[in-house]
Amino acid sequence: MKLLSGVISISVSFWMFIYLYGLQAVQSEKYNPSFNLLATLLLIIAIICFYNVLKDYFLRDKKKNK
């Protein structure tokens with residue numbers, strides 16, 4: 001579940017960064033710099049989820065080797 005959450009968060013985050021860059025490039029009235037905060041938060045959530053998945057994997061691997 002953590003892996004799925006990480007994949008969804010990173011996908012949406014990158015999509016938002018690309019969308020916001022496009023709005024900024026065409027100087028759209030819809031562009032608001034505060035939207036970058038949400039994209040950054042989603043990227044941080046994705047990194048935390050991937051970190052927890054890797055941590056759990058390596059802890060499980062160490063228990064098997066004992």
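Scroll up for the structure.
Residues numbered from 1 in each chain as written. Predicted model: local features only at pLDDT ≥ 70, side-chain atom pairs only at ≥ 80, totals over all residues. Heavy atoms only, no water.

Time to look at the overall build of the protein chain. Helix and strand counts for the protein chain stand at two helices and zero strands. In summary, the protein chain has a C-alpha radius of gyration of 17 Å against a globular reference of 11 Å for 66 residues, an excess of more than 25%. Residues classed as buried in the protein chain amount to 15% of the 66 residues present. Within the protein chain, residue pairs in contact and separated by at least 24 positions form 67% of the contacts whose partners lie at least 6 positions apart. (Helix = DSSP H or I, 4+ residues; strand = E, 2+ residues; numbered from the N terminus. Rg over C-alpha atoms; globule rule 2.2 N^0.38 Å. Buried < 20%, exposed > 50% of the residue type's maximum accessible area, 1.4 Å probe, protein only. Contact = heavy atoms within 4.5 Å.)

Attention now moves to the pattern of salt bridges. All chains considered together, the criterion is met by one salt bridge. Between Asp-56 and Lys-2 there is a salt bridge; the shortest N-O distance is 3.0 Å. Taken together, the positions of Asp-56 in helix 2 (residues 35-65) and Lys-2 in helix 1 (residues 2-25) put the pair 54 residues apart, joining distant regions of the chain. Assessed through its relative accessible area of 30%, Asp-56 is described here as partly exposed. The partly exposed category is assigned to Lys-2, whose relative accessible area is 40%. (Salt bridge = Lys/Arg side-chain N within 4 Å of Asp/Glu carboxyl O.)

Backbone phi values are negative for most residues with the exception of glycine, while trans is the configuration of most peptide bonds. Here Gln-27, not a glycine, exhibits a phi torsion of approximately 55°, which is positive. Within the secondary structure layout, Gln-27 lies in the loop between helix 1 and helix 2.

Honestly, it's all geometry; don't read function into it.
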